[in-house]
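Structural overview
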Amino acid sequence: MLAQGARLQAGSKLPRAIVTQILRRCFALQQPMPNVRRVDLKPGQRLTVVGDLHGQFADLIHIFRLHGFPSPSTPYLFNGDFVDRGVYGVEVTLTLFAFQQLHPTSVYLNRGNHEEKSVHSVYGFQ
């Protein structure tokens, strides 16, 4: 998966089969989840909260370099608004979905208003 992330960062496209696999697994993982999820942390553990990436893939990579990549010891809460405005909404979203699949108890994704069709279509994310 990290090799695919390097491909994204280099500006390459992911093969259609990998994108399809990420989306299918995302659907299967998220469908049974409740609307509100509890995040439990171990004593001394910190949660990195990220909001409003708005399609800025370089910002996402910068955050990972500063705080570490998502893992059981480095949990993240992404507080919505993954898409639009920036030109890399698809890349940001696929990266977040892939990390959530890799670490489902360490990566939490809240949907923001920009993930709603009537909002994101105004900003060019279709």
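In the block above lies the structure referred to throughout.
The rules behind each value
Residues numbered from 1 in each chain as written. Predicted model: local features only at pLDDT ≥ 70, side-chain atom pairs only at ≥ 80, totals over all residues. Heavy atoms only, no water. Buried < 20%, exposed > 50% of the residue type's maximum accessible area, 1.4 Å probe, protein only. Helix = DSSP H or I, 4+ residues; strand = E, 2+ residues; numbered from the N terminus. Arc of directions from axis to C-beta. Polar contact = N/O pair within 3.5 Å; in protein donor to acceptor, adjacent residues only side chain to side chain. Contact = heavy atoms within 4.5 Å.

**What about helix H3 (residues 57-67)?**
Two residues of an α-helix separated by three or four positions point the same way, owing to the 3.6 residues in each turn. Along H3, the residues classified as buried are Phe57, Leu60, Ile61, Ile63 and Phe64. For H3, the angular spread of buried residues about the axis comes to 155°, placing them on one side. Opposite the buried face of H3, at more than 90 degrees from it, the exposed residues are Ala58, Arg65 and Leu66. Downstream of H3 by one or two residues, glycine 68 has phi in the positive range, about 95°.

**Here's the deal with the side chain of glutamine 100**
You can see glutamine 100 is positioned in helix H4 (residues 89-102). At 2.7 Å, the side chain of glutamine 100 and the side chain of glutamine 30 are in polar contact. Discounting residues that sit within four places of it in the chain, glutamine 100 has contacts with Leu29, Gln30, Met33, Arg37, Val107 and Leu109.

By themselves, these are just geometric observations and shouldn't be taken as functional.
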